[in-house]
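Next come the chains, spelled out residue by residue.
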Amino acid sequence: MNEEISAWIGEARWFAGKGREWTLTSQRRVGELPDPPEGLRVAIELAEVTYADGDTELYQLPLASYTEPQERLAHALVGEWDDDDLGRVWVYDALHDREAMALWLRAFDAAANATRGLLHFHRIPGHELDLEAHSTLFSGEQSNSSVAFGDDALMKVFRKVTPGVNPDIAIHHVLTEAGSTHVAALYGWLDLVDEDTDTTIQLAMLQQFLRTASDGWDLALASVRNLFAEADLHADEVGGDFAGEAARLGVALAEVHADLAGHFPVEQRDAAALDALASAMEGRLDAALQVVPALADHEAGLRQTFDRLRALDGVEVQQVHGDLHLGQTLRTAKGWKIVDFEGEPAKPLAVRLEPDSVWRDVAGMIRSFDYAPRVVALTAGADTAEAEQIAYRATEWAARNRQAFLESYSAQRGTGLDEAASVLLDAYLADKVVYEAVYEARNRPGWLSIPLAALGDPA
Ligand SMILES: Nc1ncnc2c1ncn2[C@@H]1O[C@H](COP(=O)(O)OP(=O)(O)O)[C@@H](O)[C@H]1O
Ligand SMILES: O=P(O)(O)O[C@H]1O[C@H](CO)[C@@H](O[C@H]2O[C@H](CO)[C@@H](O)[C@H](O)[C@H]2O)[C@H](O)[C@H]1O
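Residues numbered from 1 in each chain as written. Chains lettered and ligands numbered in written order. Predicted model: local features only at pLDDT ≥ 70, side-chain atom pairs only at ≥ 80, totals over all residues. Heavy atoms only, no water.

Engineer: Just to check I follow, could you spell out the site of ligand 2 for this structure?
Structural biologist: Around ligand 2 there are 13 residues in total, and Asp323, Ser368, Tyr435, Glu436 and Arg444 lie nearest to it. Interatomic distance of 2.6 Å between a side-chain N/O atom of Glu436 and an oxygen atom of ligand 2. At 3.0 Å, a side-chain N or O of Tyr439 approaches an oxygen atom of ligand 2. When ligand 2 is considered free in solution it has 540 Å² of accessible area, and contact with the protein chains removes 84% of it. Elements that contribute at least two residues to the shell around ligand 2 include exactly helix H9 (358-380) and helix H11 (419-443). Ranked by residue count, the leading element in the shell around ligand 2 is H11, at four residues. (Near = heavy atom within 4 Å. Polar contact = N/O pair within 3.5 Å; in protein donor to acceptor, adjacent residues only side chain to side chain. Areas by Shrake-Rupley, 256 points an atom, 1.4 Å probe, with all protein chains shown as cover. Helix = DSSP H or I, 4+ residues; strand = E, 2+ residues; numbered from the N terminus.)

Below, the structure written as structure tokens:
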């Protein structure tokens, strides 16, 4: 059984340890969903993975064990073994299984704030769940697993879990209660509460499903393709101009930042904190240079950018998104929504809840405005003459949308981009480019030229 579970984890999209040496060091059942039909058990298990260097990670595995094989779930089979209680069982990834997901939804609905053993189901009043809705598991490269229930609700099951507050739930909770129009409303969440060890692990989040929304990244790519198809026109002249949307995104982000500032602590950090921030950025550059040697051509300029932080007196910090890019935005008929407030998955939970500068989020979005035209240009396959023209237009598209976004963000916030803010923004932009260079080298080497191009010509 352990080998089958290990093989399945190793292949899973959400497993963060691909390419590293690891073993499954423990697995425990922490709860079962109530009222299953005869011949089915839906259990939530936690699997501990230990890496060769001693690091450990905990993964959530919701498993549906049937006493009969289920042909319809053949694609989601984890394994087949003898179980102490049920005898021979066929075990499937429960998220693919409509029967199992219906039980999960009913458990959320059963009673406000019900407790089932260690599992605590929390509900926010005000929305009646559609219990007849069929579940559909989202496909795609995601860190977690999301399941839609008809067009009513979306449940995100966190895969890599750690004790403590999950920022995605905490932030959605606060913004929902604040009546923010820029997030999908939170309907509920599931905690695993271990009173013996006094720890809580947040396992899942149930929220409004934005069924008709379009992904911001896809919309941006469509706009760029429109521009590239019109050889003689400029970004402001083609039908698919994105600047209006970029401006609306700026307003949405400023409003979200204002709501977050109203409900989480806002702190003033001194010059020593800025020194530490600059050192952290330099440290990330040092590590990145080992992975992407081409960064060495830009090292001096990057170090100067980080160093400029040390000349500032202080910085205001607050709760931010932490990992913002166009792929975390959804355009609905009613405006832009921002999703996935989990922060950078690679960072520990406690760090992700630490306040940061709003300019980190602004930098994240600006990087996306640079990526979109360059991604289209990379796949355009143009000859040399055309490539020059396309590169020019890519720069034009990025600059136009960056400006529209920044202007509307600053206007909504009521503060312009003063000198201190420019220094911060430049540092966060540089830090993100360094992060992206490593990300692309590891995950999409064909796209490494995108962050490198953002650093300009080598010094
Ligand atoms: N409330 C929602 N309604 C519809 N789609 C959503 C909603 N929230 C997120 N999504 C989409 O689901 C996918 C995964 O969401 P995300 O929060 O980024 O998950 P992950 O943590 O797994 O990266 C993304 O494509 C996102 O656009
Ligand atoms: O969505 P995640 O939190 O998993 O973020 C990671 O993957 C992103 C890619 O999907 C990556 O974003 C980079 O590529 C995007 C285009 O695919 C681009 O819009 C972003 O600006 C760029 O940073 C992100 O960096 C990484 O953390």
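Engineer: How do you make sense of the sheet that holds strand E12 (residues 186-194) when you look at a structure like this?
Structural biologist: The strands making up a sheet associate through hydrogen bonds between their backbones, and the pairing can be parallel or antiparallel. Taking strand neighbours across the sheet as the criterion, the seven strands line up as E6-E7-E12-E13-E10-E9-E8 in an open arrangement whose pairing is antiparallel. What marks the edges here is a single partner per strand, and that holds for strand E6 (114-116) and strand E8 (135-137). Each strand axis lies, on average, 20° off the axis of its neighbour in the sheet, ignoring direction. Relative to strand E7 (residues 119-123), E6 runs antiparallel, the two sharing three bridges. Across the sheet, residue Ala114 finds its bridge partner in E7, namely Phe121. Its contacts with the sheet place helix H2 (residues 98-110) against E6, E7, E8, strand E9 (145-149), strand E10 (153-157), E12 and strand E13 (199-208), and it is angled at close to 70° to E7. (Pairing = 2+ DSSP bridges. Axes fitted to C-alpha atoms, helices over the stretch in contact; angles between N-to-C directions. Contact = heavy atoms within 4.5 Å.)

Engineer: Help me understand the confidence of the model for the chain in this model?
Structural biologist: For any part of a model where pLDDT is low, the fine detail of the predicted coordinates should not be relied upon. Averaged over every residue, the pLDDT of the chain is 92; residues scoring 70 or more account for 95%. For this predicted complex, the interface confidence reaches an ipTM of 0.96, while the overall pTM sits at 0.92. (pLDDT = per-residue confidence, 0-100.)

Engineer: What is the right way to read the environment of Thr395 from this model?
Structural biologist: Position of Thr395 relative to the elements: it lies in helix H10 (residues 384-413). For the pair Thr395 and Asp370, spaced 25 residues apart in sequence, the C-alpha separation works out to 7.6 Å.

Engineer: What am I meant to see in the pairing of E10 here?
Structural biologist: Regular strands place side chains that alternate from one sheet face to the opposite one. In terms of residue burial, E10 counts as a mostly covered element, since five of its five residues are buried. Residues Ala153, Met155 and Val157 point to one face of E10 and Leu154 and Lys156 to the other, with burial holding for every one of them. Bridge count between E9 and E10: five bridges; the pairing is antiparallel. Bridge pairing in E10 places Ala148 opposite Leu154. Bridge analysis of E10 against E13 gives five bridges, and the strand direction is antiparallel. Bridged to Met155 within E13 is Leu206. (Buried < 20%, exposed > 50% of the residue type's maximum accessible area, 1.4 Å probe, protein only.)

Engineer: Before we go on, may I ask you to explain the site of ligand 1 in this structure?
Structural biologist: Not every one of the 17 residues close to ligand 1 is listed here, only the nearest: Asn144, Lys156, Gln208, Leu210 and Asp340. Between ligand 1 and the protein, one listed contact pairs a nitrogen atom with a backbone N or O atom of Gln208 at 2.9 Å. Side-chain polar atom of Asp340 to an oxygen atom of ligand 1: 3.0 Å apart, as the coordinates give it. With the chains in place, 88% of the 550 Å² that ligand 1 exposes on its own is no longer accessible. Counting only elements with at least two residues in the shell around ligand 1, the list comes to E10 and E13. The class makeup of the residues in the shell around ligand 1 is seven nonpolar, six polar and four charged. Each of two domains, domain 1 (2-208) and domain 2 (214-454), supplies a minimum of three residues to the shell around ligand 1. (Nonpolar A, V, L, I, M, F, W, Y, C, P; charged D, E, K, R; others polar. Domains from an automatic or database assignment.)

Engineer: Honestly, the UniProt feature "domain: Maltokinase N-terminal cap" (unreviewed entry) in the chain in this entry has me stumped. Any pointers?
Structural biologist: In the numbering used here, UniProt assigns the "domain: Maltokinase N-terminal cap" (unreviewed entry) feature to residues 8-97. Helix makes up 4% of residues 8-97 and strand 53%, whereas the separation of the span's terminal C-alpha atoms amounts to 16 Å. (UniProt positions renumbered as here; feature names shortened; annotations may be inferred.)

Engineer: Help me out: how do you make sense of the nonpolar core in this one?
Structural biologist: For soluble globular proteins, the rule of thumb is that nonpolar side chains tend to be buried together. Counting 73 residues, the largest nonpolar core has Leu309, Trp359, Val362, Phe369 and Phe405 as its most contacted members. Here this core spans two domains, since at least three of its residues come from each of domain 1 (2-208) and domain 2 (214-454). Those residues within four positions of Val362 in sequence are excluded, and the remaining contacts are Leu253, Phe405, Leu406, Tyr409 and Leu425. (Core = buried A, V, L, I, M, F, W, Y, C linked by side-chain atoms within 4.5 Å.)

Engineer: When you look at the domain arrangement of the chain in this model, what are you seeing that I'm missing?
Structural biologist: A common way to express how large an interface is: the accessible area buried when the components associate. Split by domain assignment, the chain resolves into domain 1 (2-208) and domain 2 (214-454). It is Pro167, Ile171 and His182 that lose the most area in domain 1 upon contact with domain 2, and together they represent 36% of the buried surface on that side. Across the contact surface, domain 1 and domain 2 share one salt bridge. Lys156 is the partner of Asp340 in a salt bridge, and the nearest nitrogen-oxygen pair spans 3.1 Å. (Buried area = accessible area lost by both parts, 1.4 Å probe. Salt bridge = Lys/Arg side-chain N within 4 Å of Asp/Glu carboxyl O.)

Engineer: Help me out: how do you make sense of the pairing of strand E17 (residues 329-332) in this one?
Structural biologist: A two-sided burial pattern is seen for E17, the buried positions comprising Thr329 and Arg331 on one face and Leu330 and Thr332 on the other. Two strands pair when backbone bridges link them, and strand E14 (residues 214-215) and E17 are joined in this way by two bridges, in the antiparallel orientation. Its bridge partner being in E17, Asp215 is matched across the sheet by Leu330. Of the pairings in the sheet, the one linking E17 to strand E18 (residues 335-338) comprises four bridges and is antiparallel in character. Considered in E18, the bridge of Leu330 is made with Lys337. The hairpin turn running from E17 into E18, its antiparallel successor, is two residues long.

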